[in-house]
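Descriptive structure summary
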Amino acid sequence: MSDTALSPDALRRICDPAELGFETTADLEPLEGQLGQTRGMEAIRLSAQMQHRRFNLYVQGPRGSGRKSAVLRVLEEEAASRPVPKDWVYVQNFDDADQPNAICLPRGQGPLLRSAMVRLLEELANHIPALLVSEDYQNKRMALEQEFNARREQAFDTLRQKAEAQNVAILSTPMGFSLAAKRDDEILKPEVIEKLPEEERAQIRVAVSDIQAELEDFLLDQPEHERQQRDALTHLNADMARIAVDAAVDRACRGFVEIDELGPYFRALRDDLVSHADLFLSLELGRSKDPFPAGLAALREDPRFHRYHVNVVVTHDPKGKTAPVVEESLPTLANLTGQIDYMATQGVLVTDFTQVKPGALHRANGGFLVLDARRVLGEPLAWDALKRCLETEAVHVITAGERLGLISTTTMKPEPIPLDVRVVLVGDRMLHMLLTEFDPDFEKFFRVTAEFGPDMLRDGDSVALFARRVAGLVRDEGLRPVTADGVAALVDAAARLAADQEKLSLRIETLWDILREGNHHARQEKAPAITAEHVTGAIEAAEERRGLIRDRVHEMIERGTILISTHGSEIGQINGLTVSALGDESFGAPVRITARVRVGGGRVVDIEREAKMGGPIHSKAVLILSGYLAARYVPQTPLSLWASLVFEQSYGGVEGDSASLAELCALMSALAEVPISQSYAVTGSVNQMGDVQAIGGVNEKIEGFFAVCKAQGLTGRQGVVIPRANVANLMLKPEVVEAVRNGQFQIHAVSHVDEAIEQLTGLPAGLRDLHGEFEDGSINGNIEVKLLEFAQTRAAMGGSDTSAASEDSD
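For the structure given in this document, a descriptive report is provided here. (Residues numbered from 1 in each chain as written. Predicted model: local features only at pLDDT ≥ 70, side-chain atom pairs only at ≥ 80, totals over all residues. Heavy atoms only, no water.)

With respect to burial, strand 30 (residues 746–750) is a largely interior element, four of its five residues being buried. In this view, the connection linking strand 29 (residues 719–723) to its parallel neighbour strand 30 by way of helix 25 (residues 734–741) has right-handed handedness. (Buried < 20%, exposed > 50% of the residue type's maximum accessible area, 1.4 Å probe, protein only. Helix = DSSP H or I, 4+ residues; strand = E, 2+ residues; numbered from the N terminus. Right-handed = clockwise from strand over helix to strand, strands pointing away.)

The α-helix winds at 3.6 residues per turn, so residues separated by three or four positions along the chain end up facing the same way. Residues V736, V737, A739 and V740 constitute the buried set of helix 25. Down the axis, helix 25 shows its buried residues gathered within 160° of arc, on one side only. The inward-facing, buried residues of helix 25 abut helix 24 (698–712) and strand 30. One or two residues past the end of helix 25 sits G743, with phi positive at roughly 75°. (Arc of directions from axis to C-beta. Contact = heavy atoms within 4.5 Å.)

Ranked by internal contacts, the top residues of the largest apolar core, which has 46 residues, are I574, L629, Y633, L661, C665 and L787. Of the residues forming this core, the biggest block, nine residues, is contributed by helix 23 (residues 660–672). If we skip the residues at most four places from it in the chain, Y633 touches Y628, M668, R768, F774, N780, I783, E784 and L787. (Core = buried A, V, L, I, M, F, W, Y, C linked by side-chain atoms within 4.5 Å.)

This paragraph deals with the pattern of salt bridges. Scanning the entire structure with this criterion turns up 37 salt bridges. In this structure, the salt-bridge partner of R13 is E502, at a minimum N-O distance of 3.2 Å. Residue R13 is found in the segment before helix 1 (38–49), and its partner E502 is found in the loop between helix 17 (484–498) and strand 19 (503–505); the two are separated by 489 residues along the sequence. Notably, a salt bridge pairs R458 with D492, separated by 3.6 Å at the nearest N-O pair. With R458 in the loop between strand 18 (455–457) and helix 16 (460–477) and D492 in helix 17, this residue pair connects regions lying 34 residues apart in the sequence. Look at D492 and you get buried, because its relative accessible area is 7%. Connected via shared salt-bridge partners are D384, K387, D439, D441 and K444. (Salt bridge = Lys/Arg side-chain N within 4 Å of Asp/Glu carboxyl O.)

Another point: the sheet that holds strand 4 (residues 168–173). Pairing within the open sheet is antiparallel, and its three strands lie in the order 4-5-6. Only two strands of the sheet have a single neighbouring strand rather than two, namely strand 4 and strand 6 (186–187). Where strand 5 (residues 176–183) and strand 6 come together, two bridges link them in antiparallel fashion. In the strand pairing of strand 6, K182 is matched with I187. Running over the sheet, helix 4 (residues 135–165) touches strand 4 and strand 5 and is turned about 135° from strand 4. Each of strand 4 and strand 5 is contacted by helix 6 (residues 198–253), which is oriented at about 150° to strand 5, the strand it contacts most. (Pairing = 2+ DSSP bridges. Axes fitted to C-alpha atoms, helices over the stretch in contact; angles between N-to-C directions.)

The next thing to look at is the packing of helix 16 against helix 17. The interhelical angle for the contact between helix 16 and helix 17, taken along N-to-C directions, is 115°, at an axis separation of 10 Å. In terms of orientation, helix 16 lies roughly perpendicular with respect to helix 17. Two packed elements cross with a definite hand, and for helix 16 against helix 17 that hand is right-handed. For the pair helix 16 and helix 17, the contacting residues are V463, F466, A467 and V470 in the first and V487, L490, V491 and A494 in the second. Its residues assigned to classes, the contact of helix 16 with helix 17 shows eight nonpolar, no polar and no charged. (Parallel < 35°, antiparallel > 145°, perpendicular 65-115°, else oblique. Left-handed = near helix turned anticlockwise from the far one by under 90°. Nonpolar A, V, L, I, M, F, W, Y, C, P; charged D, E, K, R; others polar.)

The next subject is a nonpolar patch on the surface. On the surface, M430, M433, L434 and F438 cluster together to form a nonpolar patch covering roughly 460 Å² of accessible area. Looking at F438, the relative accessible area reads 66%, which means it is exposed. (Patch = residues over 30% accessible without salt bridge, like charges linked within 9 Å, V, L, I, M, F, W, Y side chains within 5 Å. Areas by Shrake-Rupley, 256 points an atom, 1.4 Å probe, with all protein chains shown as cover.)

Turning next to helix 12 (residues 382–392). Regarding helix 12, the residues found buried are A382, W383, A385, L386, K387, C389 and L390. Count one or two residues on from helix 12 and you reach E393, which has phi positive near 55°.

For any two aromatic rings, the description comes down to two numbers: the centre-to-centre distance and the angle of the planes. Under the definition given, this model contains 12 aromatic pairs. Where Y58 meets F442, the ring centres are 5.7 Å apart and the plane angle is 85°; that geometry is what we call edge-to-face. A residue pair is termed long-range when its members are at least 10 positions apart, and Y58 in strand 1 (residues 57–60) and F442 in helix 15 (residues 442–445) qualify at 384 residues. The exposure class of F442 is buried, given its relative accessible area of 1%. By way of ring pairs, the aromatic residues F94, F256, Y265, F266 and Y308 are connected into one cluster. (Phe/Tyr/Trp six-rings, centres within 6.5 Å; stacked < 30°, edge-to-face > 60°.)

What follows concerns the pairing of strand 13 (residues 368–372). Counting buried positions along strand 13 gives five out of five residues, so the element sits mostly inside the fold. Here strand 8 (residues 325–328) pairs with strand 13 via four bridges, running parallel. Paired with V326 across the two strands is L369, which belongs to strand 13. One ladder, built from five bridges, connects strand 13 with strand 16 (residues 422–427); its direction is parallel.

Quick look at the structure:
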């Protein structure tokens, strides 16, 4: 075994079930709380316990780390020590109906007040009509009418007597009143009057004119008399209605006499009920023999009676013992701050305070509100509305249409409800960075950040805690107990998920899904416990379900559609390794990388970048290769090289620097004219010194190439070259480990490009001697000779770069 070859024991760290010290999780005390997130849990508790309004919380961490469940658990614990908030209701503002009043009530009193108002309306709907047809009312009304009729008749009699004294008769005709002169109780005809002396006729005209004037005054006074009669009748009705209203309101108020906030409302309510007592006359409940009179429905549905309803915005159980913890999964503007609905009435949209609907901020008032940060920011106007409510410490109900000026109809401005809430945003690190950078209000309102890490240190204590947490899940979800080897398999899965032999992944939800599926398999087999076989089976089944694209890629390689060779040797050609991520699934696959060289102006062309298919990190890695070549070889001579690098059969974007080691080896092979063994695949990044640096996805890359080699036939000479810095990240599948153990596959770890090129070519890389020359026949020696030849050729051409003129002109 060469110095770079890794032993099978270095490829996977296995948890020994015998070291766990139990048979099944039934022997363990379940662990409560979150596993391995001490820093994040302390931040959550700080925010939950702080009273200052600006200490809202942002929880960041990888998806599946249990961050939301941990938040809810801590908040529920803290909510148990907080008082239950009071109720809030909206009632009619009798002075300005467009600005309904918000009233705070002791918890549980909101529904009671609403019921009391319903009973009040039903009582008045029966009593007011009955009162206005009662004998007492009829007598008073008759007396009132008789009084005014007597006044009118007395005034008319006085006028008639005056007319009689002046020999003028007041006659009533279908057209009204007329006047006529008379003598001895007989009406004088016009022809008789014409025969009278002029002096007597003049007296008659004066008398008739005077009575005419007084009659006109009498008639002009009649509308005023009628108004006074109506006013008197109105006062009578009001006095009679007040009797019913006072009695009904007094009964309704009995349960609320100690609530000072209701005093002004009840006083205004009495006056308004009296002034609108006529509304109840149209119901005629008392005349219906139906056990469910239609008038009762009108009390609820008729908008005219909405003014006496109570809109319970938020209420709490009087026997409750905890403050609210609300999680809003769809944080739209309406779901956050509430909304105002509209009713279509005669083709017009109208509304009133009963159409105000509460939002999550109303329900969480006095407690905690948990929101998904990305969803809040994705909903129009929701983020700005949330910040406004936090800044003003009040919930403002405003519709999106009103905010954007899209609705020109009757609207309202409900009185804002005072807000006392702790808001928790759950998101990722990138979103937190963007908010901090571009929203100056964010840090003002969210002063605490809870960070959930992706993993924790793997040692005896953490493995023991992990086992106890598994026992906790088994208890909480009623799963079958897990055997020691089952827990050990889960520990190995956690290390694989963390991609680190010294760490355990804290993407808890992924691990718990494995355990739940393992429980499903155990139940199907009627096994008493979940074993390692069930856990492994669940992992393999999940990989199989998500492996369609992976299998199609491997199938195309096997059929020769994608050209990958695992036998023979080629100059300037090497197998690189890539990782493709599709949602939760990621898989590795080899890719052919080729390099071509010729005389040029010191340029390494990245064909991926030229085709705009390469990302900036990949382009940077290629530029690093130019720096390495220029500094390592013929340092006193300008680099006279033109080289091209390409990922063959790559039809998508290429990003990352993990192929830079393979690209450099391909360049070195092309320059040294030494073939590279196609039995190997290479991954790793390099710096300008030639040091090999760690990369990601090392397990998936190795397993991807292993699958291709297995399909083409394992020879024992095939293998993968990886950075030595990635050895601690190896958690390979048992199948790969066994193949290495049986000598069918190799894995080599290198620290410098020289180690890699030696393994790939079988030739020494070569070091400079005391004279600064590379060893003859070495890879580096051949490269330096080739570059000197290029430099001499270019000098002989006068320093021109004809081979790359077209590229340089670009």
